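Descriptive structure summary
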Amino acid sequence: ESLKRIQEVDGDVRAFLLVDEEGALKRAKELDEKYSKEGTRGLLASLPVGVKDNICTEGLTTTCGSQLLANYQPVYNATVVEKLHNADAITIGKMNMDEFAMGSSNENSSFSPVHNPWDLSTVPGGSSGGSAAAVAAGEVYFALGSDTGGSIRQPAAFTGTVGLKPTYGLISRYGLVAFASSLDQIGPLTKNVEDSAYVLQAIAGHDRNDSTSANVEVPDYLSALTGDVKGLRVGVPKEMMGEGIDPEVKALVQKSLATLESMGSTIEEVSLPHSEYAVATYYLIAPAEASSNLARFDGVRYGVRRYGENLIDLYHETRSKGFGPEVKRRIMLGTYALSSGYYDAYYKKAQQVRTLIAQDFEQLFAKYDVIIGPTTPTTAFKLNERIDDPMTMYANDMCTIPANLAGLPGISVPCGLSNGLPVGLQIIGKPFAEATLLRVAHAFE
Ligand code: GLN
C-alpha cells in the first residue's frame, strides 16, 4: 500500500530521497515468517517508516540533504533505527530535508524542495519537511524527524500532522548526524497522538552509546491517553500570542484553549520575559555548534571527495562545492561567534541568555503543568516566498526555539484550518513529561 501511494504521489510531493522497495519487501516477508514462527508481533509490526536522511541507516545512503554526502552509506544503524527494527517496523526509505537540518521550508535541500500535500505551491516546513509531508500525503503512517529549533513541530504544524520533540536526552542521538549537539533531538511525526505514543514507546530510553542520553525510566505512554484534563493548569505566554502571530492562528489556538477550559482545565496568561531573545540566542549557539560539528566533512573521511592541487585544495574544493549557501552562512556565523575576541561577546553571552530562558520556564512550571501557544506564527507560506530573506525565515521559529534552548519536550497538534491550510497548537511540558503532553494533546482529538 505504502509503495503504491509513494508511486502515485511522490513525483509531486518529493518527500523521499530514497525508496528502498526491494529491501522493504524482503523485510516484510521475513517478518511474516517470523510472526508465524514465534506467534508474536512487535509494537510496530510491519509498519513502514520513513527515516529522515540525517539518521544513519546501515547500507542505505544518508545524505543529510547535501551534495557533500550524496554517496555516504553508513556502516551502522542509529540507535533509533535499531529500536524501530526491534519493534518490527520496516524502513521504507529516507526522507528529504533541509541540508544538514538547517532551514524552515525544505527549500535548502540540495536535491529538491518538498511540496506541501495540502497545497503543492506551499512549503511543508522544515527541516523535517519530507518526513511531515510523507505522513500528511499518506505515503507512510509515521516518520522520524529531528528537531534542533523546531524542525519536527513546525513541519507538523504546516502539514496537519502530530510532531513530538522529546526532552533532551530521552531519545538517543547515536547515529543522528549532529547539527547542534546541545539542541538536537529525534522524534516522531504521525497522523495522530496515539500513533505518536506508540512510536515514542518504541524509541525512547537510555543508550550508553550517547553520553547525553538520560538514564530515566520510560513510562507507559499509551496508558496516558485517558482524555482527562480536569484540574490541568495551563499557562499561555503572552509573548507567543502577541505581535507577529497571525490573527487567525491566534483565534484557533484560543478556541482550543476554550475547549480545554470547558473540560475542566484552568487557563491563565503568563510571561516568558526572556523569550524575545530566543531567536537571537539560538542563531549564535546553533551555528557555533554546527561550525564545529561540520568540520569533519573535509572530503577525507566522509562523502564526496573533490580533488585539488594539494590537501588544502582538496578541503577547499570539497567544502566549497559540497555545502550549499545556508550551510556556509551558518559555518561562517558560528566560526565568527567562537573566535577569540568575539567568544565572550557573542557565544558566552548567548549561553547566559539561554540559562535565563530556561529559568523562565522553570519558574512557570512551579505553578503550571503545561505551556500552550501556537506552534508557528503563520500557516505554510509559498515556495520561493522567503528563500532570499533569512531573517524572516529565522523569525518563523520564534515559538519553537525556546523549548530547545531549555531542553523541554514540545508537541504540535493540529487545531483547525485557516484558508484551507492547517494550524498547529504547541504544548510544552516539564522535563520528561511526555506522558502529560500526549494526554493533553489527545484531549484535542
Ligand atoms: N529552522 C531552524 C534552523 O534553521 C531549526 C532547524 C531544526 O530544528 N533542525 O536552524
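In short, a report on the structure. On a predicted model such as this, the values are computed, not experimentally measured, just so you know.

What follows deals with the site of the ligand. The full set close to the ligand counts 15 residues, and Thr 148, Gly 149, Ser 151, Tyr 282 and Asp 397 are the nearest of them. A distance of 2.8 Å separates an oxygen atom of the ligand from a polar atom in the backbone of Gly 103. At a separation of 2.6 Å, an oxygen atom of the ligand approaches a polar side-chain atom of Tyr 282. Against a free-state accessible area of 290 Å², the protein chains account for coverage of 100% of the ligand. Classifying every residue of the shell around the ligand by side-chain character gives 5 nonpolar, 7 polar and 3 charged.

A separate point is the packing of aromatic side chains. Applying the stated criterion across every chain yields a total of 13 aromatic pairs. Ring plane angle 10° and centroid distance 3.8 Å describe the contact between Tyr 283 and Tyr 394, whose orientation is recorded as stacked. Pair noted here: Tyr 283 is in helix H8 (residues 278-293) and Tyr 394 is in helix H12 (residues 390-395), with a separation of 111 residues, a long-range link. A residue is classified by how much of its surface remains accessible, and Tyr 394, at 9% relative accessible area, is buried. Geometrically, the ring pair formed by Tyr 336 and Tyr 342 is stacked, given 4.4 Å between the ring centres and 25° between the ring planes. You can call Tyr 336 partly exposed: its relative accessible area is 40%. Connected via pairs of aromatic rings, a cluster forms that spans Tyr 72, Phe 100, Phe 297, Tyr 302 and Phe 323.

So, on to the nonpolar core. In terms of nonpolar packing, the biggest core is built from 101 residues, with Ile 55, Val 80, Leu 84, Phe 100, Ile 372 and Ile 427 touching the most fellow members. Setting aside residues no more than four positions away along its own chain, Phe 100 makes contact with Cys 64, Ser 66, Leu 69, Val 177, Phe 179, Leu 294, Phe 297, Phe 323 and Val 327. Listed in part, the 24 residues of the second largest apolar core include Leu 3, Ile 6, Leu 31 and Ile 152.

Definitions and limits used
- Residues numbered from 1 in each chain as written.
- Predicted model: local features only at pLDDT ≥ 70, side-chain atom pairs only at ≥ 80, totals over all residues.
- Heavy atoms only, no water.
- Near = heavy atom within 4 Å.
- Polar contact = N/O pair within 3.5 Å; in protein donor to acceptor, adjacent residues only side chain to side chain.
- Areas by Shrake-Rupley, 256 points an atom, 1.4 Å probe, with all protein chains shown as cover.
- Nonpolar A, V, L, I, M, F, W, Y, C, P; charged D, E, K, R; others polar.
- Phe/Tyr/Trp six-rings, centres within 6.5 Å; stacked < 30°, edge-to-face > 60°.
- Helix = DSSP H or I, 4+ residues; strand = E, 2+ residues; numbered from the N terminus.
- Buried < 20%, exposed > 50% of the residue type's maximum accessible area, 1.4 Å probe, protein only.
- Core = buried A, V, L, I, M, F, W, Y, C linked by side-chain atoms within 4.5 Å.
- Contact = heavy atoms within 4.5 Å.

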